[in-house]
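# Fold and geometry: a report
Listed below are the residues making up each chain.
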Amino acid sequence: MAKMLEKIFPFSERTSVSEMVRDRLETLEIRHDQAVYLEQLHSVTQQIVQHFDESIINLPRTCSLEDMTNVGNASLHPNLYNLVFNHLCTLLTGIFADGLDKGWFFWTTYNSWDFVKAAATQRNGEYSGANTTVELEIGITVSKIDLKQTLPMDQKIVAFFCEALMSKSVSEWISHLQSNNFEVEQRYYKDALIRLAGGEIVEILKALDGLPFKLVYEQDNTEQQ
């Protein structure tokens with residue numbers, strides 16, 4: 001069982017990342033409010049990791065694989081639900097809104113979801129095909145979310161974050177968006193947090209990679225506060 005747990009939850013890797021991030025945060029030249037975003041992001045990721053660690057420890061020796069993966073089912077764990085929807089997704093939404101140029105875009109103001117769509121599917125301002133499996137997966141996910149007519153616009157970016165978590169590669173998904181230099185430079189001011197500390201954001205999120213999240217985002221997220 002120990003080997004199975006280590007395969008699903010790579011504890012040692014998350015610990016080393018956490019220590020590295022803590023050191024980096026002390027050297028960044030960013031505004032106080034931006035530093036608070038990063039500190040809170042680091043804190044909530046560690047609380048989520050703690051949920052998984054403690055839930056696994058409390059499982060009976062005869063537990064099944066389904067029991068193990070259910071520790072990431074937010075519908076079964078109100079605390080995890082609160083951490084993901086009311087804290088993590090809220091922080092990530094704020095980070096992606098920080099320093100965003102919200103100028104007019106096709107008769108409406110530009111928003112974070114517009115950036116996600118462009119960064120996921122375009123290169124140098126033009127639509128391009130996917131070169132990697134991750135790019136393909138992100139592109140398909142963004143298109144799927146964008147077509148959900150019943151999902152409010154401000155919830156589409158939350159849906160993207162949830163899908164990224166469930167992919168078990170949230171840091172890679174966020175890194176992919178930030179690596180689109182053309183869209184980042186076109187749409188974010190130079191003092192935007194994702195331009196000043198994009199690497200730190202990704203490093204913080206690495207603590208959540210590989211965890212078996214199960215999230216339902218098409219509902220009223222106030223139900224389990």
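For the structure itself, look to the data block above.
My aim in this report is to walk through the structure given alongside it, one point at a time.

## Structural notes on helix α8 (residues 153-166)
For α8, with 14 residues, the first-to-last C-alpha span of 21 Å sits near the 20 Å given by 1.5 Å per residue. For α8, the buried fraction is high: ten of the 14 residues fall into the buried class. Within the span of α8, buried status applies to K156, I157, V158, A159, F160, F161, C162, E163, A164 and L165. The secondary structure elements touched by the buried residues of α8 are α5 (78-97), α6 (112-121), α7 (133-146) and α9 (170-178). Within two residues after α8, K168 carries a phi angle of roughly 65°, on the positive side.

## A closer look at the nonpolar core
Core analysis: the biggest nonpolar cluster contains 64 residues, and I48, F115, F160, L208 and F213 have the highest contact counts within it. Elements with a minimum of two residues in this core: α3 (32-57), α5, α6, α7, α8, α9, α11 (193-196) and α12 (198-205). If you tally residues by element for this core, the top one is α5, at eleven residues.

## Overview of α9
Side chains of residues three or four places apart in an α-helix project in the same direction, reflecting 3.6 residues per turn. Burial of α9 is extensive: seven of the nine residues sit out of reach of the surface. Where α9 is concerned, the buried positions are V170, S171, W173, I174, H176, L177 and Q178.

## A few points about the pattern of salt bridges
Applying the stated rule across the entire model yields nine salt bridges. Of the charged contacts, one joins D33 and R31 as a salt bridge, the two residues approaching to 2.9 Å between their closest N and O atoms. Taking relative accessible area as the criterion, D33 reaches 37% and is therefore assigned partly exposed. With relative accessibility at 35%, the residue R31 sits in the partly exposed group. Beyond isolated ion pairs, a larger network of salt bridges with shared partners links R31, D33, D98 and D191.

## Quick word on the environment of S167
Here S167 is to be found in the loop between α8 and α9. Residues S167 and D209 lie 42 residues apart in sequence; the distance between their C-alpha atoms is 8.5 Å. Among all residues touching S167, those that are not within four sequence positions of it are E137 and W173.

So, how was this worked out
Residues numbered from 1 in each chain as written. Predicted model: local features only at pLDDT ≥ 70, side-chain atom pairs only at ≥ 80, totals over all residues. Heavy atoms only, no water. Helix = DSSP H or I, 4+ residues; strand = E, 2+ residues; numbered from the N terminus. Expected span 1.5 Å × (residues − 1). Buried < 20%, exposed > 50% of the residue type's maximum accessible area, 1.4 Å probe, protein only. Contact = heavy atoms within 4.5 Å. Core = buried A, V, L, I, M, F, W, Y, C linked by side-chain atoms within 4.5 Å. Salt bridge = Lys/Arg side-chain N within 4 Å of Asp/Glu carboxyl O.

Any functional reading would require information that these geometric values do not contain.
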